[in-house]
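The lines below spell out each chain.
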Amino acid sequence: KPSMRLIAILVLASLTVGCLSPLSIAAKPAKGDSFSGVIEIPEGKAVLYVIREKRFFQSGTYPKISMCGNEPVALRNGGHFVAVVDPGDCDIVFTKGLWWTMSTEDITVELTPDTQYFLSFLIESTEISATPTMNGPAWYVAGNAAFVPVSEEAGLKLLSETRESF
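As a convention, each chain's residues are numbered from 1 in the sequence order in which they are written. Only residues with pLDDT of at least 70 are given local features in this predicted model, and only at 80 or more are side-chain atom pairs given and counted; all residues enter the totals for whole chains, interfaces and linings. As a rule here, side-chain values cover all heavy atoms of the structure and leave hydrogens and water aside.

S.K.: Could you give an account of the overall build of the protein, naming the residues involved and the relevant values?
M.R.: The secondary structure content of the protein amounts to three helices and ten strands. The order of helices and strands in the protein, counted from the N terminus, is α-α-β-β-β-β-β-β-β-β-β-α-β. Exposure classes here rest on a 1.4 Å probe applied to the protein chains alone. A residue is buried below 20% of its type maximum, exposed above 50%, and partly exposed in between. Residues counted as buried form 32% of the 166 residues belonging to the protein. Whether two residues are in contact is decided by their heavy atoms, any of which lying within 4.5 Å being enough. Excluding contacts between residues fewer than 6 apart, the proportion of contacts in the protein whose partners are at least 24 apart in sequence is 69%. Accessible areas in this description were obtained via Shrake-Rupley with a 1.4 Å probe; residue shielding takes into account the shown protein chains only. When the accessible surface of the protein is summed, it comes to about 10100 Å², and 57% of that surface belongs to carbon and sulfur atoms. Helical segments are the DSSP runs of H or I of at least four residues, strand segments are the runs of E of at least two, and each set is numbered from the N terminus.

Put into structure tokens, the structure is as follows:
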């Protein structure tokens, strides 16, 4: 009979192998330039900084995000991107990216001219489940992800620890 210790080791090994599999390695973290400071706000425009902290959980996946009608951009682990947009209502729309399984809700942000905004992307309410298959358990990760507005001070601190996401 397998011992509980052996079962625990097998479960941990399968989780680790899943996180280090070629699939998660293919989803590279943000590799662009490190954050070098805020950009000058063009007259009559708004600047939106979107930040995803570097975390182990869901590090091998990413969503694509479209802001204010722009083309979707991959928001990679430990990444950020900057958008210069027209003021007014800005729809932030999530689309499925590489192996993205988290539930996400689109949001609308009201932007005023000559202002900068900082949004932090948070993963919350996560759950890991296993479904029995003929080849052993199939692991599935689910949960919610959302944008949270943060202060300039908090945004700059987060940005200092990220790289450009593309």
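S.K.: Give a detailed account of helix H3 (residues 152-159), specifying residues and quantitative values.
M.R.: By the burial criterion, the buried members of H3 are Gly155, Leu158 and Leu159. Along the axis of H3, the buried residues cluster in a sector spanning 100°; they form a single face. Facing away from the buried side of H3, by more than 90 degrees, are the exposed residues Glu153 and Lys157. Of all possible arcs, the one meant is that of the directions from the helix axis to the C-beta atoms.

S.K.: Outline the state of the cysteines, supporting the account with residue identities and numerical values.
M.R.: The rule for a disulfide is simple: a pair of cysteine sulfur atoms within 2.5 Å. Applying the stated criterion across every chain yields a total of one disulfide. What pairs with cysteine 68 in a disulfide is cysteine 90, and their sulfur atoms sit 1.8 Å apart. Note on the cysteine 68 and cysteine 90 pair: the S-S dihedral is about -105°, so by sign convention the disulfide is left-handed. Here cysteine 68, found in the loop between strand S2 (64-67) and strand S3 (73-74), pairs with cysteine 90, found in strand S5 (residues 88-95); they are 22 residues apart in sequence, far enough to count as distant. A relative accessible area of 28% places cysteine 68 in the partly exposed class.

S.K.: Go over a nonpolar patch on the surface, please, and point to the residues and values.
M.R.: A cluster of nonpolar residues, Ile39, Val82 and Val84, forms a patch on the protein surface that exposes about 200 Å² of accessible area. Within the fold, valine 82 resides in strand S4 (residues 79-85). The patches reported here contain residues having more than 30% relative accessible area and no salt bridge. Joining distances are 9 Å for like charges and 5 Å for nonpolar side chains (Val, Leu, Ile, Met, Phe, Trp, Tyr). Here, a salt bridge means any side-chain nitrogen of Lys or Arg that lies within 4 Å of a carboxyl oxygen of Asp or Glu.

S.K.: Provide a residue-level description of the pattern of salt bridges, including the pertinent values.
M.R.: Note that side chains of opposite charge can pair when their charged atoms are close. By the definition in use, this model includes two salt bridges. Among the ionic pairs, lysine 45 bridges to aspartate 86, the shortest N-O distance being 2.4 Å. Of this pair, lysine 45 sits in the loop between helix H2 (22-26) and strand S1 (46-52) while aspartate 86 is found in the loop between S4 and S5, placing the two residues 41 residues apart along the sequence.

S.K.: Give me the nonpolar core: which residues, what numbers.
M.R.: What is meant by a nonpolar core is a set of buried Ala, Val, Leu, Ile, Met, Phe, Trp, Tyr and Cys residues, joined one to another through side-chain atoms within 4.5 Å. Ranked by size, the top nonpolar core spans 19 residues in total, and within it Leu48, Ile65, Met67, Ile92, Leu111 and Phe147 carry the most contacts. Sorting the residues of this core by element identifies S1, S2, S4, S5, strand S7 (107-111), strand S8 (115-133) and strand S9 (136-149) as the ones contributing at least two each. When near neighbours in sequence (up to four residues on either side) are disregarded, leucine 111 contacts Ala46, Leu48, Cys68, Val85, Asp86, Pro87, Gly88, Cys90 and Tyr117. Ranked by size, the runner-up nonpolar core spans seven residues in total, among them Ile51, Phe118, Leu158 and Leu159.

S.K.: Residue-level account of the environment of aspartate 114, with values.
M.R.: Position of aspartate 114 among the secondary structure elements: in the loop between S7 and S8. Sequence separation of aspartate 114 and isoleucine 41 is 73 residues, and the distance between their C-alpha atoms is 6.0 Å. Once residues within four sequence positions are removed from consideration, aspartate 114 is found in contact with Ile41, Pro42, Glu43, Gly44 and Lys45. In terms of polar contacts, aspartate 114 uses its side chain to reach the backbone amide nitrogen of glycine 44, at 2.8 Å. The term polar contact refers here to a pair of N or O atoms within 3.5 Å; inside protein, the definition further demands a hydrogen-donor-capable atom paired with an acceptor-capable atom, and it admits residues adjacent in sequence only when both atoms are side-chain atoms.

S.K.: An account of the pairing of S1 is requested, with residue identities and associated values reported.
M.R.: Counting buried residues along S1, seven of its seven residues qualify, which places the element largely inside the surrounding structure. Note that S1 and S4 share six bridges and pair antiparallel. Within the sheet, the bridge partner assigned to alanine 46 lies in S4 and is valine 85. Should DSSP find at least two bridges between two strands, the strands are regarded as paired.

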